[in-house]
Structures are given as structure tokens and as C-alpha cells.
Amino acid sequence: MDEQALLGLNPNADSDFRQRALAYFEQLKISPDAWQVCAEALAQRTYSDDHIKFFCFQVLEHQVKYKYSDLTTVQQQLIRETLISWLQTQMLNPHPEKTFIRNKAAQVFALLFVTEYLTKWPKFFFDILSVVDLNPRGVDLYLRILMAIDSELVDRDVVHTSEAKARRNTLIKDTMREQCIPNLVESWYQILQNYQYNNSEVTCQCLEVVGYVSWIDLSLIANDRFINMLLGHMSVEVLREEACDCLFEIVNKGMDPVDKMKLVESLCQVLQAAGFFNIDQEEDVDFLARFSKLVNGMGQSLIVSWTKLIKNGDIKNAQEALQAVETKVALMLQLLIHEDDDISSNIIGFCYDYLHILKQLTVLSDQQKANVEAIMLAVMKKLTYDEEYNFENEGEDEAMFVEYRKQLKLLLDRLAQVSPELLLASVRRVFSSTLQNWQTTRFMEVEVAIRLLYMLAEALPLSHGAHFSGDVSKASALQDMMRTLVTSGVSSYQHTSVTLEFFETVVRYEKFFTVEPQHIPCVLMAFLDHRGLRHSNAKVRSRTAYLFSRFVKSLNKQMNPFIEDILNRIQDLLELSPPENGYQSLLSSDDQLFIYETAGVLIVNSEYPAERKQALMRNLLTPLMEKFKILLEKLMLAQDEERQASLADCLNHAVGFASRTSKAFSNKQTVKQCGCSEVYLDCLQTFLPALSCPLQKDVLRSGVRTFLHRMIICLEEEVLPFIPSASEHMLKDCEAKDLQEFIPLINQITAKFKIQVSPFLQQMFMPLLHAIFEVLLRPAEENDQSAALEKQMLRRSYFAFLQTVTGSGMSEVIANQGAENVERVLVTVIQGAVEYPDPIAQKTCFIILSKLVELWGGKDGPVGFADFVYKHIVPACFLAPLKQTFDLADAQTVLALSECAVTLKTIHLKRGPECVQYLQQEYLPSLQVAPEIIQEFCQALQQPDAKVFKNYLKVFFQRAKP
């Protein structure tokens, strides 16, 4: 071996050596006999360096995994012998190998096992057991090999992709069950018996292996000798976590409902007798988390048994199962309320399923009602933030608590289904008592009180979308709580979590303000002052900007008296902050979008006359236009790239803000009624010059493009005069992405204005196509994935454009491009249908072809088109589905095939018997299709029901493909 290269395996080696070692590894992987050098080095213990040993196993692993079938029988035998002799040397080794080497060796054994067990090495386990016997080093490796085999065969975390692999794995498991599982189980028992008191590491490994129980016969493990031993381990501190997991696997195994019930009950009796149910005396939270998972498994297993027994009509045993569940509820509640969230989280599944049972019962006993109330109180308590939660810098612990809160929310929703009245009364009690004394209450209790009110909105069933109509008792309870929320002054509480919860809840229950509009002014003030948009915390300001826009939108009818006041108060928040003045505005540009949208909504939905609306809208947009002109001039002169970028960003924000104000309009009608067309046309004239700016093209174009999309909706044909020059600028030196984003704009114009834009489309049709073809034909690196993807997306956009043109009845735009160009376009569509394995584009191409056949395929169609149909379109309908890449099991491809069928039906419709004759006498015989199949095909094509032909076509191609 190259000793110099091996030096690079050391983690402390410098990068040149490491590069050399990597290159050497790649070289050995390709070399046909390098594995033999590595095998020999391992068997003869040539190297003492751990990294070299690991490296040798990696080379062997690669050989077994990818190139095993290339080896001769003798060479395969050599690998088996090498591994066994390496195993034998481990028995004599004074020091065990490092863990990472043992794990890698186990992986190689496991790979060899799945490759050879069914054919060359049926005695795999017996050979290994005869070497390791009960030697602790050997047992450690034997257990690691078993775990590695489990990963290969059944690991739940690994997606075993191919069907062939899945079949092989099933066959191996079946063979193991027949031939060796009882022996393996016996070996585990011996290992546990031997090492349980003197080698906890080996015992824990063995307990993990007993988790094989998920796919072997349960009776081999779920019997007195094993269970008693496991229960013994539950009292040994170093073993009990693994023993818990092992019992969990046993309990989770699918089995007959009555047997499962008996198994769980017998386990519970022993655990209870041994004192495990006394949670409060246990201090080890790691163990309790595992124990909670075990109790959860037992509870859920009993509930599954109850469900099956009810389904089978076995009422007597179902009663017993329910009784068994009920006796676990006290323990479940202790775990649910535990201060450690992991312990609590692990039992939520059982709790949720228990509530699901109660939901199905017609009458609840007093005990069950008490259980529901206890769960409810537990959920309310556990929803509370703890002191350590870091709101300023949320890390992993905080993210876990947020996830845990989501689980609790599911429990709360389930509680509402079981007993909505009880939930409402409990929340009301907590809410009222907390808000009475909010000034002297800790933030987490105030937050959770408001949070519970917020959560009721989703938990309680709505009556016609409103919480404040319908059921009087519910409506008045919620109304009371909302009134308390907005009049108590709690919006001034000095903690971000309370502030945010206040605004979230106000917006969630916006319908309350239609019932009691007198509270709107004080809530608006909270939004607008230091509690909301001017809060000292950026996160609060940002969220409030969004919530404020929602609040105003949903209550726009009630906003009229406050409009001018609100617009005055938000004036400073609308400032476009240019990059140079170093002024840090209160809101980010994303947040400002919401404020602009809110301003637009207020103006448009107001009851003012049109002149007043127009004046207000002009006041809103004029500062943006003025700033835009100044900044564009500055950008043209800017030398420094960083400054150019920040100016372009600022320009883009200005355009974005103007776009966003227009969201208040639904169509041209509303813009006209408000008298705002003129101000938006002024904006257009201000923004369009940015398209000819040679700097920062991407940013500027994207903003202006978005604005044009909005203006096509708001101004309709008034935009049309601006489109030609805008398009001309946007087509100058563009990249794939520019075109991809420009085409939807042209599609929108084409679909909306159709014949009105025909002259413009005819004029820009070929320039656009030239720009597209130029980008598509640019050479790219062979394995440049992103360039390939960009081209694919551009191709799709191109075909979508042709589909829009033909589908909008504008085929003359294509027809008028001259015969040569028309043919070029048609050829690209045929290529798209056949040559590129992209079913989304193929589907679009067939839609274009069938549309063109429908328009031009009759007797009076363009000269030469009928020839094109028979020479190109008909063959495309067969060549595309016959390609290997055309996967009929894929949903998108089936849609493409469906459009292909429509194309053939349309050709038959337009050309009649001539088409059938061509297929029968010329085309299908040229594909060597049997005469009877040709007959069958032509009959299906002539069926009046298109669906019949679609289904037939799929079968036709399934038969035709090998």
C-alpha cells in the first residue's frame, strides 16, 4: 500500500496529505484487486494505526456493496475467510478495537450477510457463534453485527427503495425465522444471563437487539423466563432504560386483542407491585422519559384492543379492556403533569386516544368526567412558559417547547370535542381570575390565560363562521372574555409574549368588534403606539404590522370614522428609508408592505367621494415617485457595487410598496370608481425608465415586472401603450431566469386582451423566440445541475407561452410569422413532445398540437399542414410513449398520455377516414404492429367516447413496451 497516502488518513494530517489519501481511496475502489491487499492487512494485523484499519474496512465495504458479483467464487470465499479470521484475532487481542472500527466491521459483515445468506453462507450465524462463544469481545461484535443486519433488513428510519430489495429482505427474514431465530434468541438469553450483573455495556446492547421482536415470533421473547429477567433489569440502574425500551417493543408488537390485554395487564401488575407507579419518588428523568414511553405504549395497546373488540362485537372483553385503560389513567395524569416536558410529551398519545374513547361513549361516569377535568388542568398548566425560556434568542430548547405546545393544542382540541362546555368554563375561570390581577401576575400566567382564549377559537365548533352568534351561552362567555381583554389594560403588560398574544387574539376574534364596535378606538391605539407598531422590540413591531393589516381589512366597514387619523399616525412608518442616511427605520421593508397595503385598503374602502380618495392615494404614492426619480439618478452615477446594490434594493422597495397599495382593488372598475387610474399611470411612467438602467438589472426588472402584473389587473387596456417598450427593454441581454419570469407577463396580457394585442404579439413573437432559443442553445457543463434545471424550466415556460397563444384563439400570430418560422416553431413543439423526458412539458406540447390540428387540420387549413400532421404529429403520438423514459406508472406522464390521446382523436375528427386509412395501411405496419392489433387500435380510435380511447391507449403502450 502507498504508505505516504496512508499518512493522510490521520485527522491531524495537513490538507495536501488528506487530499492524497482521498484520491488513493478512490483509486483503490476502482482497482480490481486492491481489496485483497486490504483483506490481507486486516487478517494479518499488518497495521496498528486505527485509521488505516478503518480505511481497509471501507475498501472491503465498497467491494461487497458494489462489485461483489465481479469476484470469482474463490475470491468471495477469501472475503468470508478474512472476516472470520479477523473475528478470531479479536478474541485474543489484549485491547478491544476502537468503537468506530467495530461498527464499520459489523457493517461489512451485515452487507456480506444480506448478499450471501440465502445462497453461499446459510450457516452465517452458526459460524460466528462458534467463533465468539461467550467471550465478551466476541459477544460485543456479534451484537453489533446483529444490529447492523437489522438496519439492512428492517430499519424503520431507512427507506429501502427498490422492490427487489424489499422482496430480498422479506425472503431473508422468512428464512431466518425458519432456520436460526430460535438459536439466536437462545444466544441472547445466555448473554443476558451471563453478563447482566458484570457487564452493563454488553447487556444493554443485547437488550437493544431483543428489539428484533418487531419481526420475530413474539412467544420466543414474551414468556416467563425473558419477561422475568427484563423485569429484574428494571431495578438495575445501568440497565433499566434499555429494559424499558425492550418491554416497549414487546408491548408494541401486533397480536390478538385479548392476548395483548393479558400481556399488558400482567406486566402492569408486576411493575406496580415493584413500585414503578410511584412517579413522585423517582428522580432520574432520563429513566422516567423511557418509562413514560412504555406506559404510553401499554395504554395505546389496550385502546387498540378495545377498538378491535368493539368492532368484532365482543362486548364482554371490550368492557374488560376499557376497565384496564381506566386503571392506567391516574398514572398517565402523573406523567402528563410532570415538570419535565419530555416525560409529559411521551404520554400525550395515550392521553389523546383515551379522550377519543370518551368522545365515542354516550354517557360519561363521574370518574371519567373528573379525568377529563384533570387532563384539562394539566394541559393548561403545561402550556405555561418556564422562567428559562429565552425570548430574545430562541434556540433548540425553545423550538422543542414550541413543538410540545403544538401537541398540547391537539389535546385541547380533543377535549373540546369531548366536553366543550367544561373547556369553556375552565378557560373562563382561569382567564377571569388572571386578568383581574394582571399587574401583579407573572408574565407566563398572563400569557397562558390569553393564549387559552386564543386557542378556544379553533377548539370550539363555529356556528356559521362566527363565535358571537348562535349558541348564546358560548357567545356571551367569549364576548365577556374579549371585553375583559380589551378593557383591562393588559395590552400595556411589559413582556413581548403577552403583547403578541394580545394582538393575535384581538385579530383572531375580529368579529367581536362588529358586535361591540365601541372598543375599536382603544385597540387601534394599541396597534399604533408603543404597544404595537412602535414597540421597542423589532419582533413585536414586525408581527404587529401583519396583524394590523388583517385587523383593518376584516373590519373595513367599521373603519370609516378613523381613516384620516390612522393615515396621519402611520405617516412616518411609510418613509422609504434610503441607504445613505444611516437612519434605522422602525419597520423592515417587508413589514412596510403591510402598512402600505393597509393604507390602500383604508382609502379604497372608505365612504369618501372619489376626489377625496384620489387625493389621499396621490398623497400616499407621490413621495414614493419623487424618491424613486432621485434614487434612480443616483444609481446611474454610483461607482461602488455595494452602493449600487443597496440603491437598487431601495428602488425595488418603492415599486413594491406602490404595487402593494393596489391590492385593495379587485379590478379596473374599482380603480375607476376611486378615480385612481391617473395616479397609477403616473407611477408606471415613473418606474418604467428603470428598465433601461444597465446596472442591477435583475433586481429592477423583477420589481417593475411585478408592478406591471398588478397594473394589467387594475388598469386593463390603459396599460397597453406601455407594454411594447417595456418588453423591448426586458428582452435585452437576458438570462434564462429573466425570460422565465417575463413569459408569464406576456401570457397574462395575451389571455386577457386576446385580439387587442395581436399586432404587438406578432411584432414581438420572433424576437422573444430568438431570445429563448439563444439561451437554450448556450453550451453548459455536462453535470451542471442548476443550468440543466433552468433550461428545463425555460422550455416549460416557452411551451406555456405557445399554449396561451393557441388557446386564446390567436393562432394567426404564429401563422403570420412566415412559412420558415412557422415550421421552426412546430418542430420545437414536436421535439418537446418526444425528445425531452419532462412529462409536464410533454403534456403542454400535446395540448398545443391538438389545438393546432383543431384550428388548421381541416380541408381549408394552411397549405402543407396536413402533410405535417402525418409526417410529424402522428409519429410523435407513438414515439413519445414508446420511449423508455416515458414512465406509465408516473401520474404526470399519464396526464401527458391523456393529451396525446386527445391529439389523435382530434386528428381523426378533422381528417376522418383518411386518418384511419393512413394508420392502417402505412404508419402502424411500419412499426411492425400485428394486423389484429392495428384493427383493434383503429376501432378504439373511432369510438365516440374519448375516455374509452384514453384507457385503451394506456393498455396499448403497456403491451408494446418490453
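Being a predicted model, the structure only gives us computed values, none of them experimental.

K.L.:
Quick question: what am I supposed to make of the overall build of the protein here?
P.N.:
Helix and strand counts for the protein come out as 47 helices and zero strands. Considering only intrachain contacts with a sequence separation of at least 6, the fraction spanning at least 24 residues in the protein is 72%. Accessible surface, the protein: about 44200 Å² in total, of which carbon and sulfur atoms supply 51%. Between the mean site of the 94 positive side-chain charges and the mean site of the 121 negative ones, the protein shows a separation of 5 Å.

K.L.:
Please clarify how the packing of helix 3 (residues 34-43) against helix 5 (residues 73-92) should be interpreted in this entry.
P.N.:
Two numbers describe a pair of packed helices, the interaxial angle and the distance between the axes. Between helix 3 and helix 5, the shortest axis-to-axis distance is 8 Å and the interhelical angle comes to 25 degrees. Taken as axis vectors, helix 3 and helix 5 run roughly parallel relative to one another. Considering only the axes of helix 3 and helix 5, their crossing is left-handed. Across from Trp35, Gln36, Ala39, Leu42 and Ala43 in helix 3, the residues of helix 5 making contact are Gln75, Leu78, Ile79, Thr82, Ser85, Trp86 and Thr89.

K.L.:
I keep staring at the UniProt feature "domain: Importin N-terminal" (unreviewed entry) in the protein and nothing clicks. Help me out?
P.N.:
Residues annotated in UniProt with the feature "domain: Importin N-terminal" (unreviewed entry) correspond here to residues 21-89. Secondary structure within residues 21-89 divides into 78% helix and 0% strand; the distance between the first and last C-alpha atoms comes to 27 Å.

K.L.:
Honestly, the domain arrangement of the protein in this entry has me stumped. Any pointers?
P.N.:
One frequent convention defines the size of an interface as the accessible area lost when the parts assemble. By domain assignment, the protein separates into domain 1 (1-121) and domain 2 (255-386 + 396-418). Here the C-alpha centroids of domain 1 and domain 2 sit 49 Å apart.

K.L.:
I'm lost on helix 27 (residues 520-528) in this one. Help?
P.N.:
Because each turn of an α-helix spans 3.6 residues, side chains separated by three or four positions end up pointing in the same direction. Regarding helix 27, the residues found buried are Ile520, Val523, Leu524, Ala526, Phe527 and Leu528. Contact partners of the buried residues in helix 27: helix 24 (472-487), helix 25 (496-508), helix 26 (512-515), helix 28 (538-554) and helix 29 (563-569).

K.L.:
Help me out: how do you make sense of the packing of aromatic side chains in this one?
P.N.:
Aromatic ring pairs are described here by two measures, namely the spacing of the ring centres and the angle between the planes. Applying the stated criterion across every chain yields a total of 48 aromatic pairs. Measuring from centroid to centroid gives 5.2 Å for phenylalanine 502 and phenylalanine 503, while their planes differ by 75 degrees, and the two rings are edge-to-face. With relative accessibility at 0%, the residue phenylalanine 503 sits in the buried group. Look at phenylalanine 773 and tyrosine 798: their rings are 5.6 Å apart centre to centre, the planes differ by 80 degrees, and that puts the pair in the edge-to-face class.

K.L.:
What exactly am I supposed to notice about the environment of alanine 425 here?
P.N.:
By secondary structure assignment, the location of alanine 425 is in helix 22 (residues 420-436). Separated by 161 residues in the primary sequence, alanine 425 and valine 264 place their C-alpha atoms 37 Å from one another.

K.L.:
For this particular structure, what's the right way to read the pattern of salt bridges?
P.N.:
For side chains of opposite charge, pairing can occur when their charged atoms come near one another. If you walk through the whole model with that rule in mind, you get 50 salt bridges. Residues aspartate 174 and arginine 177 are paired through a salt bridge, measuring 2.6 Å at the closest nitrogen-oxygen approach. Remark: arginine 177 and aspartate 174 occur in helix 9 (residues 163-179); sequence separation between them is three residues, near one turn of the helix. Judged by relative accessible area, which is 34%, arginine 177 ranks as partly exposed. For lysine 539, the salt bridge is made with glutamate 394, and the minimal N-O distance between the two is 3.4 Å. Note that lysine 539 is positioned in helix 28 and glutamate 394 in the loop between helix 20 (366-382) and helix 21 (396-418), a separation of 145 residues in sequence.

What counts and how
Residues numbered from 1 in each chain as written. Predicted model: local features only at pLDDT ≥ 70, side-chain atom pairs only at ≥ 80, totals over all residues. Heavy atoms only, no water. Helix = DSSP H or I, 4+ residues; strand = E, 2+ residues; numbered from the N terminus. Contact = heavy atoms within 4.5 Å. Areas by Shrake-Rupley, 256 points an atom, 1.4 Å probe, with all protein chains shown as cover. Lys, Arg positive; Asp, Glu negative; His and termini not counted. Charge placed at Lys NZ, Arg CZ, Asp CG, Glu CD. Axes fitted to C-alpha atoms, helices over the stretch in contact; angles between N-to-C directions. Parallel < 35°, antiparallel > 145°, perpendicular 65-115°, else oblique. Left-handed = near helix turned anticlockwise from the far one by under 90°. UniProt positions renumbered as here; feature names shortened; annotations may be inferred. Domains from an automatic or database assignment. Buried < 20%, exposed > 50% of the residue type's maximum accessible area, 1.4 Å probe, protein only. Phe/Tyr/Trp six-rings, centres within 6.5 Å; stacked < 30°, edge-to-face > 60°. Salt bridge = Lys/Arg side-chain N within 4 Å of Asp/Glu carboxyl O.

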